[in-house]
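Structural features, examined
Residues per chain are reported as follows:
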Amino acid sequence: MEVQEKVPVQTFMGVDRDVFLRDIYPKRRPAVLRGVCLGPCLDKWTAEYLVQKGGDMEVKVHVSTVPEMDFLHKNFVYKTLPFSEFVKRASEKKHTEFFLSEDESYYLRSLGEDVRKDPADLHKQFPGLAEDFYIPQFFESNQFFSSVFRISSCGLQLWTHYDVMDNLLAQVTGTKRVVLYSPQDALHLYLSGDKSEVLNIDSPDLDQYPEFMKAKRYECVLEPGDLLFIPALWFHNTLALQFGVGVNVFWRHLPADSYDKRDPYGNKDPLAATRALQALERALHTLDELPPEYRDFYGRRMIQRIQNHKKFEL
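Residues numbered from 1 in each chain as written. Predicted model: local features only at pLDDT ≥ 70, side-chain atom pairs only at ≥ 80, totals over all residues. Heavy atoms only, no water.

1. Let's talk about the environment of Leu287
To be explicit about the condition: Secondary structure counts use DSSP, requiring at least four H or I residues in a row for a helix and at least two E residues in a row for a strand, with both numbered from the N terminus. Relative accessibility under 20% of the residue-type maximum defines a buried residue, over 50% an exposed one, and the middle range a partly exposed one, all with a 1.4 Å probe and only protein chains included. Residue contacts follow a heavy-atom distance rule, with two residues in contact if any of their heavy atoms lie within 4.5 Å.
Mapped onto the fold, Leu287 is located in helix 7 (residues 271–287). Of the residues examined, Leu287 reaches a relative accessible area of 13% and is grouped as buried. C-alpha of Leu287 to C-alpha of Ala170: the two residues are 117 residues apart in sequence and 47 Å apart in space. In this view, Leu287 contacts Arg295, Tyr298, Gly299 and Met302; residues no more than four positions away in its chain are not counted.

This is how it looks when you write it as structure tokens:
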């Protein structure tokens with residue numbers, strides 16, 4: 001079987017703010033950062049400690065009977081559980097109590113107070129845990145957007161997608177494989193919005209997705225204490241190799257008014273990009289007014305205009 005070109009994500013040791021901003025950030029490529037102080041969470045955040053701190057606060061979680069979660073086709077359900085019960089179930093392989101099956105998987109992505117408008121903030125949703133986690137000061141405080149608390153069952157794999165803000169993924173406990181694809185490979189990823197339609201990236205259906213093998217695969221395995229810098233627009237897919245806990249810290253790479261203020265998740269396209277995509281949709285609808293051979297001819301001219309635009313690297 002044809003395989004993708006695989007590239008290991010570069011690892012940097014003992015990174016501080018100056019090194020990050022000088023040697024890593026300007027390159028706009030993923031990087032694993034080791035030796036960055038994340039606080040006492042590395043020692044404290046056992047399942048027992050999480051249960052003690054989180055208590056019976058109710059959380060909304062994803063529950064799936066299959067390990068590969070698919071957001072496009074929703075092969076999971078949302079359920080509400082006390083945090084302590086969620087941690088217990090997520091950390092075990094077989095369940096005596098369950099919703100769908102005894103080997104179902106669980107995933108928590110923390111949400112803001114008002115899920116329609118408030119970004120997630122570890123200090124607000126989990127204040128007892130937030131004091132254990134030190135957010136790396138690699139960006140200005142006014143650039144901060146959200147800190148997302150994540151817990152997943154062993155074996156759970158999340159769909160390939162991109163975010164529009166820069167992101168540090170802190171792996172606090174457990175190990176996690178992360179596969180990334182460059183924004184320049186977007187044409188090979190069969191996108192539906194911000195997500196790839198290719199669910200099984202390790203054994204893809206090449207009859208259905210023949211172009212997928214042209215995408216270069218960047219890969220790393222995160223150990224407890226590792227940070228992964230994920231630049232905006234880089235596609236990423238995560239696989240929990242163990243029950244694990246992590247925190248994503250997102251910050252604005254563009255000026256604040258570039259983003260949709262009604263987006264609490266940080267995954268809506270920048271406003272200018274949204275306008276451009278809407279203009280393209282209107283142009284395509286306009287072409288529908290023409291006979292087929294004219295649609296084809298002027299559609300090709302539109303593609304050529306984009307390819308020849310000096311600001312695009314296609």
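After that view of the structure, there is still more to cover.
2. Quick notes on the packing of aromatic side chains
Rules: Side-chain rings of Phe, Tyr and Trp (the six-membered ring for Trp) are treated as a pair once their centres are within 6.5 Å; stacked means planes under 30 degrees apart, edge-to-face means over 60, and tilted covers the remaining angles. Both a distance and an angle decide whether a charge sits over a ring: NZ of Lys or CZ of Arg must be within 6 Å of the ring centre and within 35 degrees of the ring normal.
For the coordinates displayed, the defined rule picks out 23 aromatic pairs. The interplanar angle of 5 degrees and the centroid separation of 4.7 Å between the aromatic rings of Phe139 and Trp251 together place this pair among those described as stacked. Of this pair, Phe139 sits in the loop between helix 6 (127–130) and strand 7 (144–152) while Trp251 sits in strand 16 (residues 244–251), and the two are 112 residues apart along the sequence. An identical accessibility class is assigned to Phe139 and Trp251; each is buried. A connected cluster of aromatic rings, assembled from ring pairs, spans Trp45, Phe83, Phe86, Tyr106, Phe126, Phe133 and Phe149. A cation over an aromatic ring shows up here: Arg89 above the ring of Phe99, its NZ or CZ 4.9 Å from the ring centre.

3. Notes on unusual backbone geometry
The backbone of Arg28 shows a phi angle near 55 degrees, a positive value even though the residue is not glycine. Counting through the fold element by element, Arg28 comes out in the loop between helix 1 (17–24) and strand 3 (31–34).

4. What to know about the pattern of salt bridges
Opposite charge on two side chains permits pairing when their charged atoms draw close. The condition is simple: Here, a salt bridge means any Lys or Arg side-chain nitrogen found within 4 Å of an Asp or Glu carboxyl oxygen.
Counted under the stated rule, the structure contains 20 salt bridges. The shortest N-O distance in the salt bridge between Lys94 and Glu102 comes to 4.0 Å. One continuous salt-bridge network, built from bridges that share partners, spans Lys6, Arg177, Asp202, Arg217 and Glu219.

5. Quick notes on the side chain of His161
Applicable threshold: We call two N or O atoms a polar contact when they sit within 3.5 Å, provided that within protein one can donate a hydrogen and the other can accept it, with sequence-adjacent residues counted only if both atoms are side-chain atoms.
By secondary structure assignment, the location of His161 is in strand 8 (residues 157–161). Looking at His161, its side chain comes within polar contact range of the main-chain oxygen of Trp159, at 3.1 Å. What His161 contacts, discounting residues up to four positions off in sequence, is Asp194, Lys195, Trp234, Phe235 and His236.

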